[in-house]
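# Reading the structure
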Amino acid sequence: MNRLLDERDIPTIARAVVDEIKERGAAMQALDQRAKERDVEFVALRRTLWERLEQTQQQAEVIRQRDVRIAALERLVNELRCGDLVPFQDDDLPPERADAFRAHLATCTTCQAGLQDLVQLDARLSTLARPR
Ligand SMILES: [Zn+2]
């Protein structure tokens, strides 16, 4: 059963509607404010992330440069070891250096070929008749 709206209730209803609108407006403002705070947090977080990423890249670059220098030094040391081929074959190296050369020989194809040549040369020389 529908009851017609009593005109005396209109101011009360209007006040309730206005209150409701005010409440919703305040709630929306609070949400806006929270969203702005989140935006600020997000921007700060993104900046921190970029800074960390940059630091990581710089560290990786430093490590890469060190690796390059170490590799160059290792190559140099390895090349210097090649110089021990002849004294090694002649048994003129101190034991520690001879061991180091043996380790080098296992990885250096130049010295492996050189040692083979020296062995063959020695064999050939030993078959030659001594000059009178
Ligand atoms: Zn070598």
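All of these numbers come straight from a predicted model, not from anything done at the bench. (Residues numbered from 1 in each chain as written. Predicted model: local features only at pLDDT ≥ 70, side-chain atom pairs only at ≥ 80, totals over all residues.)

## Things to note about the overall build of the protein chain
The line we're drawing: Each helix is a run of H or I in the DSSP string that is no shorter than four residues. Each strand is a run of E no shorter than two, and both are numbered from the N terminus. This radius of gyration counts C-alpha atoms alone. The globule rule is 2.2 Å times how many residues there are, raised to the power 0.38. Here a residue counts as buried when 20 or more other C-beta atoms sit within 10 Å of its C-beta, as exposed when there are 12 or fewer, and as partly exposed otherwise, the C-beta atoms being derived from the backbone.
When its secondary structure is counted, the protein chain shows 4 helices and 0 strands. When the elements of the protein chain are put in sequence order from the N terminus, they spell out α-α-α-α. Its C-alpha radius of gyration of 44 Å places the protein chain more than 25% over the 14 Å reference for a compact globule of 132 residues. For the protein chain, the spread of C-alpha atoms along the three principal axes comes to 145 × 35 × 20 Å. Looking at the 132 residues of the protein chain, the share that counts as buried comes to 3%.

## Section: the domain arrangement of the protein chain
In many reports, interface size means the accessible area that the parts give up when they come together. Going by this rule: For the domains described, the bounds stem from an automatic or database domain assignment.
Taken domain by domain, the protein chain holds domain 1 (8-73) and domain 2 (83-127). A C-alpha centroid distance of 69 Å is found between domain 1 and domain 2.

## Some thoughts on the environment of Leu85
Which entries qualify depends on this criterion: Contact between two residues is assigned whenever their backbone-derived C-beta positions fall within 7 Å.
Structurally, Leu85 can be placed in helix H2 (residues 85-89). Sequence-wise, Leu85 and Arg75 are 10 residues apart; in three dimensions their C-alpha atoms are separated by 16 Å. Leu85 has contacts with Cys111, Gly114 and Leu115, leaving out every residue within four places of it along the chain.

## Focus: helix H1 (residues 10-82)
The line we're drawing: Take the number of residues in a helix, subtract one, and multiply by 1.5 Å to get its expected span.
Relative to the 108 Å expected for 73 residues at 1.5 Å per residue, H1 spans 106 Å between its end C-alpha atoms, a close match to the ideal helical length. Across the 73 residues that make up H1, only a small minority, 0, are buried.

## What about unusual backbone geometry?
Of note in this structure, Asp91 is not a glycine but carries a positive phi near 65°. Looking at where Asp91 falls in the secondary structure, it is placed in the loop between H2 and helix H3 (95-105).

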